[in-house]
2 protein chains.
Amino acid sequence: MTQPTDDELARLAQQLRVDSIRVAAAAGSGHPTSSMSAAELMAVLLGRHMRHDFGRPEHPGNDRFILSKGHASPLLYASYKALGLIDDDELRTFRALGSRLEGHPTPRTLPWVEVATGSLGQGLPVGVGMALAGKRLERVGYRVWVMCGDSELAEGSVWEAVEHAGHEHLDNLTALVDVNRLGQRGPTRHGHDLDAYARRLQAFGWHTVECDGHDVHEVDRALAEARSTLGQPTAVLARTLKGKGVAAAEDREGLHGKPLKNPEEAIAELGGVSDLRVEVQQPPAARVLHAVHSGHLDLPRYEKGEEVATRSAYGQALTALGAARGDVVALDGEVSDSTKAELFGKEHPERFFECYIAEQQLVAAAVGMAARGFTPYASSFAAFLTRAHDFVRMAAVSGANINLVGSHAGVAIGQDGPSQMGLEDLAMFRSVHESTVLYPCDGNQTAQLVAELAERPGIGYLRTTRGATPVLYGPDESFPIGGSKVLRSSDKDRVTLVAAGATVREALDAADQLAEIGIACRVIDLYSVKPVDTTTLRAAAEQTGCLLTVEDHRPEGGIGDAVLEAFADGRPVPRFVRLAVRHMPGSAKPAEQLRSAGIDAAAVAAAVRLLVETAVVR
Amino acid sequence: MTQPTDDELARLAQQLRVDSIRVAAAAGSGHPTSSMSAAELMAVLLGRHMRHDFGRPEHPGNDRFILSKGHASPLLYASYKALGLIDDDELRTFRALGSRLEGHPTPRTLPWVEVATGSLGQGLPVGVGMALAGKRLERVGYRVWVMCGDSELAEGSVWEAVEHAGHEHLDNLTALVDVNRLGQRGPTRHGHDLDAYARRLQAFGWHTVECDGHDVHEVDRALAEARSTLGQPTAVLARTLKGKGVAAAEDREGLHGKPLKNPEEAIAELGGVSDLRVEVQQPPAARVLHAVHSGHLDLPRYEKGEEVATRSAYGQALTALGAARGDVVALDGEVSDSTKAELFGKEHPERFFECYIAEQQLVAAAVGMAARGFTPYASSFAAFLTRAHDFVRMAAVSGANINLVGSHAGVAIGQDGPSQMGLEDLAMFRSVHESTVLYPCDGNQTAQLVAELAERPGIGYLRTTRGATPVLYGPDESFPIGGSKVLRSSDKDRVTLVAAGATVREALDAADQLAEIGIACRVIDLYSVKPVDTTTLRAAAEQTGCLLTVEDHRPEGGIGDAVLEAFADGRPVPRFVRLAVRHMPGSAKPAEQLRSAGIDAAAVAAAVRLLVETAVVR
């Protein structure tokens, strides 16, 4: 159907319901009732309002659609069938091993999915990132449609997004809220009180339209109003019924996430199986995706012996990277004076995005911009990136290419105390699928790694230090991801000290102290925490027999564990000692903190002496 | 001063400013300007409205105060001096090594601090937990006062709290919002537009009062209005100036988190040092803290050979625990039908708290209730607890005693796909300071561990499995935290298989298959992931020489790393092989998922055969 009538759209909606029921029945699981409530919203969106060339997902003028309520994937896949993107055979592979049609949609398997959903409350924040890209970077007139559930509006991340979109006047963003009254375990807070949602959204500067979500004409009017509203994002609040159209399921509790009991009867009740096709309007001609201005990369250079904070090197390197590459964008969580992202902001204000103290929105905006082809660097304190853990996890499910930078890592920050200390960030980022985790110790290393992250797929994490550290490397040294640097080495090394970031200087000082009493130590700067340099670590293990790791992080999940990854295949494992932050720090000066935590040079030297004196090491 | 006049309160406010400047100057760091904006709010609160016996922090009638903008700690400590709780000498230890007066306040060191703050946007959600405890559990008339910054209102967690408090009509909760217009790096989104905040809060059902935050009379009127408002929480929106009272600092950018440049001049400008004392009104006589009904604990019992999901055992055990102990409360993130916390809700509805899909508020409410002496169990999907990572981290800084339960762990959930799979939760919870991490494999073990967590201090985490697993242990077996169970053992064991939860059955099956071809394996059920049973692991290492871990989790930070903790002190380390989820799973049935991930019995058996055939193991 092209330019479908209301009646045709109503029949399309019934087909989407029928197919949702069919796929869930075939799979023996899934969320048909959550799909059925939104069938008219989807039918009208596709038939009348969305502009998208499904044959060219990369078309710059394409509208974007995010199914924030990702569990309604049957509806999405039923739509793909109606769009002619998949056939009925494939549709029925839903949730089977090897199928592209997973329980929750993901761009890993489907070219039409913008971003993985399934953890609720993430679609709108990511949509904000896309809408920002459309308005401020690409300047193409595409619209971002986000279909939300009502339950997920309880997530704070949604309100971070609502605030951000309202404040930025993102009139290219529309939230389609399927207010079906029922969450997973029962009624939502506000039931069918559309006004309750409208009041909240309006207070944040949104335009709202309420409608009967099962009346094609009303939905059409609402979506048209959204498209014609200028200066504000619009939320279409659609009153719907979960399980709509099947008496045994409609508006009933206890049926969330379950196939219908009598699918054949239900399908008959809905008018039977059909094979309607819908055509989506083509997007207008649009210029190709934002030009990537490729200029010369002129990274900052620091002289050996200088002292520079790696956070400053990050800010300077990112600024240089931004000058060389037009696709690089920076996002801040209202701490850019601390993370030093402000340097980028001053140089490239058009590509700098202030997300205020809203780390979930910060990461989500990065994900949205990455989906539009940009290369985002989002930074905050390492400690506060824990706020966005679930978004990082989901970004990995999406296969998103984003870089996150956490400053003020570890006890080395000093007096501010434990609330501000990133002590769990390495564990968090290492556990993310196919992540890259980097922890530089000097300015030149930081600069190189910032640039390398731009080319690295997946989730990149760079950990920076608050205080100044000595420049150990020349500005032309290279630091490949997956590598390490051997800073001290001899045939007589009895222990290998493995450090990164703030503890590299401590390890070097300890090695010097130990050399004075005749104990030779190898020192490895493990700047690439993941992937880890197994070759160098294994050689050190063979040659010295004992590894001692020292890290400004909790004992769990950080550098010590990264080192042991090199020996997790059954080969002989060296003796191993781990120095890490095992107490709860208070306030103190940086050097005092390192001492209290037992991760300073003295602690390293004492540990090695103990190993030697007790003949643990040769 | 008792019953102070407006003029006396104004002078008290000046003293609080002066002392804030003094402590930051002494420390060489800290946030005097953020303290100065809120001086009148604090002076009026203490002098006229708060009811608290500081000599008896445990008094059940005490009002509660949370400094959500924890960086304004100079103001708090200056108030402690004015209250006579600390002397001027101690005040000047601010931020020094060993001082109780840390950069951000924590109950670890100070009896008057309810909860650690410093990560913004957490005070109000925790305050909601306390206010809920006051209203629904203790039923004492105390009031919860939360002092917020304006910047932190950008955090989604604040809006989870605002929604929760509005919906629950928490008229015993007051937010004092210090709208000083300036965040860390510059102006906030809304500057001094108090109406912008008022509109948002009112839309969520809050009463709001706007006032000049430097006019003692206006502040007094606003706080009185908050106290007399029934059926709604109140937000006092105070228009203030950062650095108020010192011309060189007042309302100026770039001075966040910095001592004043000329403290002596500033102090003179404010009228000099003074030593006013303020007395807070006593709370009314109130009955002692909620009685803990200690009854007989009648845990569920499962018979060997039965199959039961550990999530069901959790729900049943928690219900039994709730019958035995009146201090046990359960909190749900709108998935209680999945986590099985709903069983508790049916049996003990008065102690069951629905937090909807708002995991930050879920954990924060638990923290607030724990601060009031309750023993909370908060549950959601393991995957979604990542949403609350920063709250868990801060709960550890507080030393809070809370238990979190994550269901639907790992690929074993099956078809729903990676968005719903907890695959990073062990890494996240292990890295939390002094946490306890448990992962039971059968119903009886689960029941015992649920009960043990109630007695365990700190952050407890229990990981449950969606599908049914065989009951391996009798109902009277004990499972001490820090222990493990050796399920197969002989003198001829060539490898030790270490598993927990969903993979225990796989390890046992593999051991049986391997026994058939003459390869004896030890099998350890590592139900206590942290603390880990070093004695048993070390013995197994000595006796078998090789450990193989198999876990339904990412390779980083989980069971494999927990096992290696037992060998991180320089002793000989056994050979080690780690089987974990290294790919990105899609949708498939549970058994298919375990197979795809290479963590089923066949994968374990194949790995062991390879070790034997390549002579890696004896």
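Residues numbered from 1 in each chain as written. Chains lettered and ligands numbered in written order. Predicted model: local features only at pLDDT ≥ 70, side-chain atom pairs only at ≥ 80, totals over all residues. Heavy atoms only, no water.

Chain A carries the name Transketolase in an unreviewed UniProt entry, which gives Streptomyces polyasparticus as its organism. Per UniProt, the comment on chain A under Subunit (unreviewed entry) is "Homodimer." Per its UniProt entry, chain A bears the Sequence similarities (unreviewed entry) comment "Belongs to the transketolase family." (UniProt positions renumbered as here; feature names shortened; annotations may be inferred.)

1. Considering the packing of helix α3 (residues 39-49) of chain A against helix α4 (residues 73-82) of chain A
What describes two packed helices is the angle between their axes and the distance between those same axes. Residue and element names in this part refer to chain A. Contact geometry of α3 with α4 gives a least axis separation of 11 Å together with a crossing angle of 35 degrees. Note that α3 runs across α4; the crossing there is right-handed. Between α3 and α4, the contacting residues are Ala39, Met42 and Leu46 on the first element and Leu75, Leu76 and Ser79 on the second. (Axes fitted to C-alpha atoms, helices over the stretch in contact; angles between N-to-C directions. Helix = DSSP H or I, 4+ residues; strand = E, 2+ residues; numbered from the N terminus. Left-handed = near helix turned anticlockwise from the far one by under 90°. Contact = heavy atoms within 4.5 Å.)

2. With respect to the pairing of strand β2 (residues 144-149) of chain A
The two faces of a sheet get side chains in turn, since along a regular strand they alternate between them. Residue and element names in this part refer to chain A. Across the six residues of β2, six count as buried, placing the element largely inside the fold. Both strand β1 (residues 64-67) and β2 contribute to a ladder of four bridges, which runs parallel. Opposite Phe65, over in β2, you have Trp145 as the bridge partner. Examined bridge by bridge, β2 and strand β3 (residues 173-179) share six bridges and lie parallel to one another. Bridge pairing in β3 places Gly149 opposite Asp178. (Buried < 20%, exposed > 50% of the residue type's maximum accessible area, 1.4 Å probe, protein only. Pairing = 2+ DSSP bridges.)

3. Thoughts on the domain arrangement of chain A
All names here are of chain A. Assigned domains of chain A: these are domain 1 (6-269), domain 2 (307-470) and domain 3 (486-611). Between domain 1 and domain 2, the C-alpha centre-to-centre distance is 32 Å. In this assembly, 29 residues from domain 1 lie in contact with 27 residues from domain 2. At the boundary of domain 1 with domain 2, total buried surface from both sides reaches about 2,100 Å², with 60% on carbon and sulfur atoms. Broken down residue by residue, the surface that domain 1 buries against domain 2 is led by Arg136, Leu137 and Glu160, which jointly contribute 26%. One can count one salt bridge joining domain 1 with domain 2. Between Glu138 and Arg372 there is a salt bridge, with its nearest N and O atoms 2.7 Å apart. Taken together, the links from domain 1 to domain 2 amount to 11 residue pairs in polar contact (both at pLDDT 80 or more). Within the residue set of the side of domain 1 that touches domain 2, elements represented by two or more residues are α6 (123-138) and α7 (156-167). (Domains from an automatic or database assignment. Buried area = accessible area lost by both parts, 1.4 Å probe. Salt bridge = Lys/Arg side-chain N within 4 Å of Asp/Glu carboxyl O. Polar contact = N/O pair within 3.5 Å; in protein donor to acceptor, adjacent residues only side chain to side chain.)

4. Topic: the pattern of salt bridges
A complete count under the given rule lists 86 salt bridges over all chains for this structure. A salt bridge links Arg200(B) to Glu163(A), with the shortest nitrogen-to-oxygen separation between them at 2.9 Å. Here the residue Arg200(B) occupies a position in helix α8 (residues 194-203), and Glu163(A) occupies one in helix α7, the pair thus bridging two chains. As far as burial versus exposure is concerned, Arg200(B) and Glu163(A) are alike and both buried. Look at the salt bridges and you will find they share partners, linking Asp19(A), Arg22(A), Lys81(A), Asp88(A), Asp89(A) and Arg92(A) into a network.

5. Things to note about helix α11 (residues 310-324) of chain B
The end-to-end C-alpha distance of α11(B), which contains 15 residues, comes to 21 Å, matching closely the 21 Å that a straight helix rising 1.5 Å per residue would cover. Most of α11(B) is tucked away: 13 of the 15 residues are buried. (Expected span 1.5 Å × (residues − 1).)

6. Quick look at the state of the cysteines
Residues and elements named next belong to chain B. Overall, the coordinates contain zero disulfides over all chains when judged by the stated rule. Distance from the sulfur of Cys546, which forms no disulfide, to the nearest cysteine sulfur (Cys521) is 9.4 Å. Classification of Cys546 as buried rests on a relative accessible area of 1%. (Disulfide = S-S within 2.5 Å.)

7. Things to note about the packing of helix α1 (residues 6-27) of chain B against helix α4 (residues 73-82) of chain B
All names here are of chain B. The geometry of α1 relative to α4 is characterised by a closest axis approach of 8 Å and an angle of 120 degrees between their N-to-C directions. If you check the angle between α1 and α4, you find them oblique. Regarding α1 and α4, the two cross each other, and that crossing is right-handed. The segment α1 lies against α4, with Leu12, Gln15, Leu16, Asp19, Ser20, Arg22 and Val23 engaging Pro74, Leu75, Ala78, Ser79, Lys81 and Ala82. Of the residues assigned to the contact of α1 with α4, the class counts are seven nonpolar, three polar and three charged. (Parallel < 35°, antiparallel > 145°, perpendicular 65-115°, else oblique. Nonpolar A, V, L, I, M, F, W, Y, C, P; charged D, E, K, R; others polar.)

8. A closer look at the UniProt feature "domain: Transketolase-like pyrimidine-binding" (unreviewed entry) in chain A
Sequence positions flagged by UniProt for "domain: Transketolase-like pyrimidine-binding" (unreviewed entry) are, in local numbering, residues 308-471 of chain A. Between the C-alpha atoms that bound residues 308-471 of chain A the distance is 7 Å, and the span itself is 40% helix and 21% strand.

9. Re the sheet that holds strand β16 (residues 521-525) of chain A
Residue and element names in this part refer to chain A. With mixed pairing, five strands are arranged side by side in an open sheet as β14-β16-β15-β18-β19. A strand with exactly one partner marks an edge of an open sheet, and here the two such strands are β14 (485-488) and β19 (575-579). When the angles between neighbouring strand axes are averaged without regard to direction, this sheet yields 25 degrees. Judged from the three bridges that link them, β14 and β16 form a sheet pairing that is antiparallel. Within β16, the position partnered with Arg488 by the bridge is Val523. Where helix α22 (residues 601-613) meets the sheet, it contacts β15 (495-499), β16, β18 (546-550) and β19, and its direction lies at approximately 160 degrees from that of β18.

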